[in-house]
Amino acid sequence: MILGAVLLPIEISYLLRWGAELAGHPLAVIGMVIVMALLMSFGLPGSLCFWLIAPFHAPLLSISMLLVGSVAGAMGAYRLGKGLGDAWRPGRLARQVLNLLGKRSDFLTQCALRILPGFPHAFVNLAGGVLHLPLAGFFVAAVVGLAVKWTVYAQAVHGMVSASQAEQALGLGTLLPLIILALLLALGGLAKRWFFSQSKTDSLPPP
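The structure reproduced in this document is the subject of the present report. Keep in mind that this is a model prediction, so the values were computed, not measured.

Section: the packing of helix α7 (residues 107-115) against helix α9 (residues 135-157)
Here's step 1: Between α7 and α9, whose axes approach to 8 Å, the crossing angle comes to 35°. Pair α7 / α9 crosses with right-handed handedness. Mapping the contact onto sequence places F107, Q110, C111, R114 and I115 in α7 and G137, F138, V140, A141, A142, V144, G145, L146, V148 and K149 in α9.
Here's step 2: Taken together, the residues that form the contact of α7 with α9 break down as 10 nonpolar, three polar and two charged.

A look at the layout of surface pockets
Here's step 1: In this model, the largest pocket occupies a volume close to 450 Å³.
Here's step 2: Around the largest pocket, the lining is made up of 19 residues, and of these S47, G118, F119, H121 and W150 lie nearest the centre.
Here's step 3: Looking at which element gives the most residues to the lining of the largest pocket, the answer is α9, with three residues.
Here's step 4: Classifying every residue of the lining of the largest pocket by side-chain character gives 13 nonpolar, five polar and one charged.

Quick word on the packing of aromatic side chains
Here's step 1: Summed over all chains, the structure comprises five aromatic pairs.
Here's step 2: Taking the centre distance of 5.0 Å and the plane angle of 80° together, the rings of F50 and W51 count as edge-to-face.
Here's step 3: In this structure W51 comes out as buried when scored by relative accessible area, which is 12%.
Here's step 4: Three or more aromatic residues joined by ring pairs make a cluster, and in this case those are F50, W51, W150 and Y153.

Observations concerning the environment of L176
Here's step 1: Tracing the sequence through the fold places L176 in helix α11 (residues 172-203).
Here's step 2: Put simply, L176 and P117 are 59 residues apart on the chain and 8.8 Å apart in space, counted from C-alpha to C-alpha.

Considering the nonpolar core
Here's step 1: Formed by 44 residues in total, the largest nonpolar core has its most connected members in F50, W51, L66, W150, Y153, V157 and L170.
Here's step 2: Among the secondary structure elements, those contributing two or more residues to this core are α2 (12-22), α3 (28-41), α4 (50-53), α5 (59-84), α7, α9, α10 (163-169) and α11.
Here's step 3: Among the elements that take part in this core, α9 stands out by supplying nine residues, more than any other.
Here's step 4: Ignoring any residue separated from it by four or fewer positions in sequence, one finds V157 in contact with F50, W51, A54, P55, A166, A169 and L170.
Here's step 5: A77, W88, F119 and L126 belong to the second-largest nonpolar core, a separate cluster that totals 12 residues.

A few points about the environment of A186
Here's step 1: As for its position among the elements, A186 is in helix α11.
Here's step 2: Each C-alpha atom of the pair A186 and L108 lies 6.3 Å from the other, and the pair is 78 residues apart in sequence.
Here's step 3: Setting aside anything within four residues of it in sequence, one finds A186 in contact with R104 and A112.

Focus: a nonpolar patch on the surface
Here's step 1: A cluster of nonpolar side chains, contributed by L27, I30, I34, L38, F42, L44, L80 and L84, occupies part of the molecular surface with about 770 Å² of accessible area.
Here's step 2: Among the elements that line the nonpolar patch, the one with the most residues is α3, at three residues.
Here's step 3: Examined against the element boundaries, L80 turns out to sit in helix α5.

Concerning the side chain of N125
Here's step 1: By secondary structure assignment, the location of N125 is in helix α8 (residues 121-130).
Here's step 2: On the accessibility criterion, N125 (0% relative accessible area) is buried.
Here's step 3: Among the polar contacts listed, one links the side chain of N125 to the side chain of R114, at a separation of 2.7 Å.

About the cut-offs
- Residues numbered from 1 in each chain as written.
- Predicted model: local features only at pLDDT ≥ 70, side-chain atom pairs only at ≥ 80, totals over all residues.
- Heavy atoms only, no water.
- Axes fitted to C-alpha atoms, helices over the stretch in contact; angles between N-to-C directions.
- Helix = DSSP H or I, 4+ residues; strand = E, 2+ residues; numbered from the N terminus.
- Left-handed = near helix turned anticlockwise from the far one by under 90°.
- Contact = heavy atoms within 4.5 Å.
- Nonpolar A, V, L, I, M, F, W, Y, C, P; charged D, E, K, R; others polar.
- 1 Å grid on protein atoms, 1.4 Å probe; cavity = no way out; pocket = protein on both sides within 12 Å on 5 of 7 lines; lining within 4 Å.
- Points joined across faces, edges and corners; volume = space filled by probe spheres on them.
- Phe/Tyr/Trp six-rings, centres within 6.5 Å; stacked < 30°, edge-to-face > 60°.
- Buried < 20%, exposed > 50% of the residue type's maximum accessible area, 1.4 Å probe, protein only.
- Core = buried A, V, L, I, M, F, W, Y, C linked by side-chain atoms within 4.5 Å.
- Patch = residues over 30% accessible without salt bridge, like charges linked within 9 Å, V, L, I, M, F, W, Y side chains within 5 Å.
- Areas by Shrake-Rupley, 256 points an atom, 1.4 Å probe, with all protein chains shown as cover.
- Salt bridge = Lys/Arg side-chain N within 4 Å of Asp/Glu carboxyl O.
- Polar contact = N/O pair within 3.5 Å; in protein donor to acceptor, adjacent residues only side chain to side chain.

Set out below in structure tokens:
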């Protein structure tokens, strides 16, 4: 089912139907987390699993599942990117992400990219490995950013059983706070960068 969703266009209605069927199987919780982690480890859209999880489980459980799966996938993709190195040939958008993180890879910027709705996490994960970003900072930013995003998303769609309900739940009213938070974090990263650059300039001895 999930392989078909990766290879072919898929409607939310189909994912919701599959999620409803899987919700009754005890092993499905572990299975969906593993599938999500594997998909994201190879740069595939593991976020599709969101629609199999969030509407059918209590928010706390679904957030935990999504966080474990996505962070594990982020670490897997990081290692893949690290192994690829210069052999990675990214497309235009992925190249822009790579260039951005090459210039600004501070914690706040990484969190902002994770929180921003619709931003492709696969590019962030692979770029982190290609650029050899510090693993500890990469991991913490992934945990914090994804925890914020999944909390908002999971609470918004919990109990939604139709595609129209789900799409309305993730409308502008839900996503706007995430967009604002992401912008504030990005601005905070810029301000921090400017402050340290000014501090270094002021500390230089006079000519």
